[in-house]
Amino acid sequence: MGPGAIHLRGFAEEAAGALVQAIREVEARAPFRRMTTRRGFKMSVGMTNCGRYGWISDREGYRYSEIDPVSGHSWPALPTTVRDLAVAAAAEAGYVGFDPDACLVNRYEPGSGLALHQDRNERDATAPIVSVSLGLPATFLFGGLDRKLRASRTTLRHGDVVVWGGLSRFFFHGVLRLGEGQHETLGRTRINLTVRRAG
Ligand code: MD6
Ligand code: FE
């Protein structure tokens, strides 16, 4: 996809059922919620987290927190299935010894999208991010270090994994608004997991 960004098509296909079940258990304790940006806009994507650290956004900005502000408790643990899959994908891409401590779970419905952004709240910039796509397909936008650079487009489908590190770790990226569709297990939704080393 770009320098250091590797698209592993279907890498999570076999594990998908177990991953969906793990997400159901996470959302029972930490429900999806639409967070607010610093400027006060409500995001169209529903988000929750598992692992030691969770990514949050509110009027104070973006950051990682060990506490879920909705429940006042810690986030659910990183499920073993999620960790194992992410570690295996990272190794496949050449990142041996990936030791994730955070997983942001994004839920899209038709009409939801994610504006171009950089992921730069993580302390260790040498660790990759492992992104797992489930459910409806989405068009992923992949730019460069400059927001104004023209972004390329890739379709991410159910079971696809992107391992993202190295030179493209800080590239701008986003997700086009999801189109209508029905996925056989997830219905009108797309779920994306981004497994990270945040702390
Ligand atoms: C998504 N993904 O695919 C949003 N960030 O729903 C991301 O924002 C992302 O896929 C960093 C690395 C990989 C990603
Ligand atoms: Fe991102």
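Residues numbered from 1 in each chain as written. Chains lettered and ligands numbered in written order. Predicted model: local features only at pLDDT ≥ 70, side-chain atom pairs only at ≥ 80, totals over all residues. Heavy atoms only, no water.

Engineer: Would you mind going over the packing of helix α1 (residues 16-29) against helix α2 (residues 80-92) in detail, with residue names and values included?
Structural biologist: At a minimum axis distance of 9 Å, the contact between α1 and α2 shows a crossing angle of 135 degrees. Overall, the two elements α1 and α2 adopt an arrangement that is oblique. You can see that α1 and α2 cross each other, and the crossing is left-handed. Taken together, the residues of α2 that come into contact with α1 (itself represented by Ala 18, Leu 19 and Ala 22) are Thr 81, Val 82 and Leu 85. In terms of residue class, the contact of α1 with α2 is made up of five nonpolar, one polar and no charged. (Axes fitted to C-alpha atoms, helices over the stretch in contact; angles between N-to-C directions. Helix = DSSP H or I, 4+ residues; strand = E, 2+ residues; numbered from the N terminus. Parallel < 35°, antiparallel > 145°, perpendicular 65-115°, else oblique. Left-handed = near helix turned anticlockwise from the far one by under 90°. Contact = heavy atoms within 4.5 Å. Nonpolar A, V, L, I, M, F, W, Y, C, P; charged D, E, K, R; others polar.)

Engineer: Describe the site of ligand 1, and please don't skip the residues or the numbers.
Structural biologist: Lining the immediate environment of ligand 1, one finds 14 residues, of which Tyr 108, Asp 119, Ser 131, His 173 and Arg 190 sit closest. At a separation of 2.9 Å, an oxygen atom of ligand 1 approaches a polar side-chain atom of Ser 131. At a separation of 3.3 Å, an oxygen atom of ligand 1 approaches a polar side-chain atom of Asn 192. Its free accessible area being 350 Å², ligand 1 has 99% of it covered by the protein chains. (Near = heavy atom within 4 Å. Polar contact = N/O pair within 3.5 Å; in protein donor to acceptor, adjacent residues only side chain to side chain. Areas by Shrake-Rupley, 256 points an atom, 1.4 Å probe, with all protein chains shown as cover.)

Engineer: Kindly report on the nonpolar core, identifying the contributing residues and their values.
Structural biologist: Membership of the largest hydrophobic core comes to 30 residues, with the highest contact counts inside it found for Cys 103, Val 130, Val 132, Leu 134, Val 161, Val 163 and Leu 193. Secondary-structure elements contributing two or more residues to this core are α1, α2, β5 (102-108), β7 (129-135), β10 (161-164) and β12 (190-196). Core analysis: the next-biggest nonpolar cluster, separate from the first, contains 26 residues, Trp 55, Ile 56, Tyr 64 and Leu 178 among them. (Core = buried A, V, L, I, M, F, W, Y, C linked by side-chain atoms within 4.5 Å. Buried < 20%, exposed > 50% of the residue type's maximum accessible area, 1.4 Å probe, protein only.)

Engineer: Explain the coordination of the iron ion (ligand 2) residue by residue, including any values.
Structural biologist: The protein atoms that coordinate the iron ion (ligand 2) are His 117 (NE2), Asp 119 (OD), Asp 119 (OD) and His 173 (NE2), at distances spanning 2.1 to 2.8 Å. One way to put it: the six donor atoms around the iron ion (ligand 2) meet at angles of 50 to 172 degrees, and that makes the site irregular. Its relative accessible area of 7% is what places His 173 among the buried residues. (Donors = N, O, S within 2.8 Å, 3.2 Å for Na, K, Ca; no water. Tetrahedral: all angles 85-135°; square planar, octahedral: opposite > 155°, others 65-115°.)

Engineer: Summarise the sheet that holds β5; cite the residues concerned and give the values.
Structural biologist: Read across the sheet, six strands follow the order β1-β10-β7-β12-β5-β2 without closing on themselves; strand pairing throughout is antiparallel. This sheet does not close on itself; its edge strands, each paired only once, are β1 (5-8) and β2 (46-51). This sheet shows a mean twist of 15 degrees between the axes of neighbouring strands, independent of strand direction. Sheet topology places β1 next to β10; four bridges connect them, and they run antiparallel. The partner of His 7 across the bridge, within β10, is Val 162. Where α1 meets the sheet, it contacts β2, β5, β7 and β12, and its direction lies at approximately 95 degrees from that of β7. (Pairing = 2+ DSSP bridges.)

Such coordinate-based values are descriptive only and should not be taken to indicate function.
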